[in-house]
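# Fold and contact review
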Amino acid sequence: MDLSHLDKKYFIDAHKYNCPFCKRNHVTYSMIDHFEFNWGDKKICHGYLIKCNSDGCEKVSMHLSFKELRDGYVEYSRQRYNNQFADKIDIDGSLFFSQPTSYFVLDNRIPEKVRELVYEAENSRKSNYLVGASACLRKAIYELLEHEKTIIKNQKTGYADYQASIKSLKEKFPSVASELFDALGHIQEMASDNVHEGSWEAWDSPKLRFIIELTKATLHEMYVVPEERKERLGLLGQMKSAFSNSKSTSSKNEEEKK
Ligand SMILES: [Zn+2]
């Protein structure tokens, strides 16, 4: 069974998470505190302090949500709550901000600057800062183009030609499904001429979410999939040589017996 999708989350369930500090996956954690404050007139924000239970780590992260994520019960006619997240809820999906941001979840084979910008875009979107999120995402994609040295400048304007740059990125990564680059290339506002002036409109939340997911999928295909393939082939090679070694030693033993 492929469980790799579990590593893409902060919280796996009420007991296990992927620690952003020691980067160990599927380790146990404890909720050491919960607090509430008024976000606005009617909105209550819940904060959860989470401590890693790994030896030598024990660091504390903070997570904010507009929902009570713990199970409640009544004791002596007073409402009380368990010191842990409720079972069978989508914890990550209910959080709008985490510190540290969960940027460890994008594979660290992806260039760090690009990763940080994608996470910033993601966090800004979750907090509904759409202009900031749009800006981060555009920056992430330009950073990616720059990292791969595939920026193509428009002869007339001297500015980067977005579509031509994405096309040259696509040619550099022929093993990645071209549909991904085509979709990236078709993002309207990215390609418009005034992108450099900063006079563009922010994307709305659903569109941002789509572009963020598209960017993440493309990055994964570019930097993670080929490396994983290499690792698998390497492992296969090791198994093969181990197998042929054991065969030759056993045949040697056979010969010695004779
Ligand atoms: Zn830890």
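Residues numbered from 1 in each chain as written. Predicted model: local features only at pLDDT ≥ 70, side-chain atom pairs only at ≥ 80, totals over all residues. Heavy atoms only, no water.

### Quick look at the sheet that holds strand 7 (residues 95-99)
Strand order in the open sheet formed by five strands is 1-2-3-4-7, with antiparallel pairing between adjacent strands. Where the open sheet ends on each side, the last strands, each with one partner, are strand 1 (16-17) and strand 7. Pairing of strand 3 (residues 44-52) with strand 4 (residues 60-65), which is carried by six bridges, proceeds in the antiparallel orientation. In the sheet register, L49 faces strand 4, and the bridge partner there is M62. (Pairing = 2+ DSSP bridges. Helix = DSSP H or I, 4+ residues; strand = E, 2+ residues; numbered from the N terminus.)

### Description of the side chain of T150
Mapped onto the secondary structure, T150 falls in the loop between helix 3 (130-147) and helix 4 (162-172). Among residues more than four places away in sequence, those in contact with T150 are L145, S165, S168, L169 and K172. (Contact = heavy atoms within 4.5 Å.)

### Digging into the side chain of S61
Considering the arrangement of structural elements, one finds S61 in strand 4. For S61, the contacting residues outside a window of four places in its chain are Y10, P20, F21, Y48, L49, I50, Q99 and P100.

### Comments concerning the packing of aromatic side chains
Each pair of aromatic rings is reported with the distance of its centres and the angle of its planes. Following the criterion strictly, the structure yields 14 aromatic pairs and no others. Seen from their ring centres, F35 and F37 are 6.3 Å apart, and the 20 degrees between their planes marks the pair as stacked. For F37, a relative accessible area of 31% gives the class partly exposed. Consider the rings of F173 and Y223, whose centres lie 6.1 Å apart with planes at 70 degrees: the pair is edge-to-face. Placement of the pair is F173 in the loop between helix 4 and helix 5 (178-185) and Y223 in helix 7 (residues 205-257), with a sequence separation of 50 residues. Clustering of aromatic rings is evident, with ring pairs tying together Y10, F11, Y17, Y29, Y48 and F85. When the ring centre of F66 is taken as origin, the NZ or CZ atom of K43, which lies over that ring, is 4.1 Å away. (Phe/Tyr/Trp six-rings, centres within 6.5 Å; stacked < 30°, edge-to-face > 60°. Buried < 20%, exposed > 50% of the residue type's maximum accessible area, 1.4 Å probe, protein only. Lys NZ or Arg CZ within 6 Å of the ring centre and 35° of its normal.)

### Things to note about the environment of A183
For A183, the location among the structural elements is in helix 5. Residues A183 and T215 lie 32 residues apart in sequence; the distance between their C-alpha atoms is 9.6 Å.

### A look at the confidence of the model for the chain
Of all residues in the chain, 85% attain a pLDDT of 70 or more, and the chain-wide mean is 84. Low pLDDT (under 50) marks residues 193-197, which in the prediction has 11 contacts with non-local residues, meaning those over four places away or in another chain. (pLDDT = per-residue confidence, 0-100.)

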